[in-house]
Amino acid sequence: TVQCGDADPADHPFVVADVGAEIEGVVLAHGGPCSLLAQVTDLAAQTADSGLLGLQVDRLAPVISAVRPASGATLLYTDDQDLETPGMQQVVEVDVSGVEAGQVVQVVLTWDDGGVPQSQTMSQALASSVPDGGSVTVVFGDGDLALTLPEGAFWWTVEVADVAGNGTQQSGSTTAKSTPP
């Protein structure tokens, strides 16, 4: 018997072959709670059941709807959040949805410093769940802790996965020009 959400329970009879069984026609609805109950009857009419199994179906990967600074953007000295500190002081913001509380949003910055590859990895766990279609902004380098972004071109990759293991990634590049003309 299969039941998802408010739908009526549905029985799906099947025949066991060897030690496995395949049940055709069972559709588990995305995003809602489902319960499964398997019941088996042998040739001697003896019956056993599995007990009720509850599960949550998640077929969708999280969505990264925006990254700021955006790919292709050029940050000028007027965008610098702290003109007294050398380099470009800026926050990185990522808008995500379809992710449960505790899941980690990760940003990796990479750049070339005089022929030497450099990178910086930042991670933040979500404090609360964000449903599919919702949105939350994750801020890296908030307030007095603005990030020092590398001068010139840098590349970023944002990654996030939900509890079910559905992951998504977005990459881009941005240029920082912190020196006034």
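Higher on the page you've got the structure.
Per chain, the residues get numbers from 1 upward, laid out in the order the sequence is written. Only residues with pLDDT of 70 or above have their local features reported here, since the model is predicted, and side-chain atom pairs are shown and tallied only from 80 upward, although totals for entire chains, interfaces and linings are computed over all residues. Hydrogens are left out, water is left out, and the side-chain values use all remaining heavy atoms of the structure.

Undergrad: Would you explain the sheet that holds strand β11 (residues 116-125) in this entry?
TA: In a beta sheet, neighbouring strands pair by backbone hydrogen bonds and run either parallel or antiparallel. Any two strands are treated as partners once DSSP identifies two or more bridges connecting them. A run of H or I in DSSP counts as a helix once it spans at least four residues, and a run of E counts as a strand once it spans at least two, with each numbered from the N terminus. As summarised here, the arrangement of the 5 strands in space is β7-β15-β14-β10-β11, forming an open sheet in which the pairing is mixed. Strands with a single pairing partner mark the edges of an open sheet, and in this sheet they are β7 (74-76) and β11. Along the sheet, successive strands turn relative to each other by an average axial angle of 25 degrees, direction set aside. All axes are obtained by fitting lines to C-alpha atoms, using only the stretch in contact for helices, and the reported angles, taken between N-to-C directions, cover 0 to 180 degrees.

Undergrad: Explain the pairing of strand β14 (residues 152-161) here, please?
TA: Working note: regular strand, side chains alternate between the two faces of the sheet. Pairing geometry for strand β10 (residues 104-113) and β14, over 7 bridges, is antiparallel. When the bridges of β14 are listed, leucine 109 appears paired with tryptophan 156. As judged from the 10 bridges shared by β14 and strand β15 (residues 167-177), these two strands associate in the antiparallel manner. Bridge pairing in β15 places alanine 161 opposite glycine 167. Here β14 folds back onto β15, and the loop between the two strands holds 5 residues, one of which, glycine 165, carries a positive phi near 95 degrees.

Undergrad: When you look at the layout of surface pockets in this model, what are you seeing that I'm missing?
TA: The gaps of empty space that remain are located by a probe, the size of a water molecule, rolled over the atoms. The volume enclosed by the second largest pocket comes to roughly 220 Å³. Grid points spaced at 1 Å over the protein atoms alone were grouped into cavities, where a 1.4 Å probe fits but cannot get out, and pockets, open sets with protein on both sides within 12 Å along at least five of seven lines, with lining residues defined by an atom within 4 Å of a point. Every residue lining the second largest pocket is counted, 14 residues in all, and those nearest its centre are Gly31, Gln56, Asp58, Glu100 and Asp132. Across the lining of the second largest pocket, the residue classes tally to 6 nonpolar, 5 polar and 3 charged. Grid points are joined across faces, edges and corners, and a volume is the space filled by probe spheres set on the points. For this classification, the nonpolar set comprises Ala, Val, Leu, Ile, Met, Phe, Trp, Tyr, Cys and Pro, the charged set comprises Asp, Glu, Lys and Arg, and every other residue, Gly included, is treated as polar.

Undergrad: I keep staring at the pattern of salt bridges and nothing clicks. Help me out?
TA: When their charged atoms lie close together, side chains carrying opposite charge are able to pair. For this analysis, a salt bridge means a side-chain nitrogen from Lys or Arg found within 4 Å of a carboxyl oxygen belonging to Asp or Glu. In the structure shown here, the tally under the stated rule is 2 salt bridges. A salt bridge links glutamate 93 to arginine 68, with the nearest nitrogen and oxygen atoms 2.8 Å apart. Of this pair, glutamate 93 sits in strand β9 (residues 92-97) while arginine 68 sits in strand β6 (residues 63-68), placing them 25 residues apart in sequence. By relative accessible area, arginine 68 is classed as partly exposed at 30%. Between arginine 68 and aspartate 95 there is a salt bridge, with the nearest N and O atoms lying 3.0 Å from each other. Here arginine 68, found in strand β6, pairs with aspartate 95, found in strand β9; they are 27 residues apart in sequence, far enough to count as distant. Owing to a relative accessible area of 11%, aspartate 95 belongs among the buried residues under this scheme. Connected through shared salt-bridge partners, Arg68, Glu93 and Asp95 make up one network. Think of it in three bands: residues with accessible area under 20% of the maximum for their type are buried, residues over 50% are exposed, and the middle band is partly exposed, with areas taken using a 1.4 Å probe on protein chains only.

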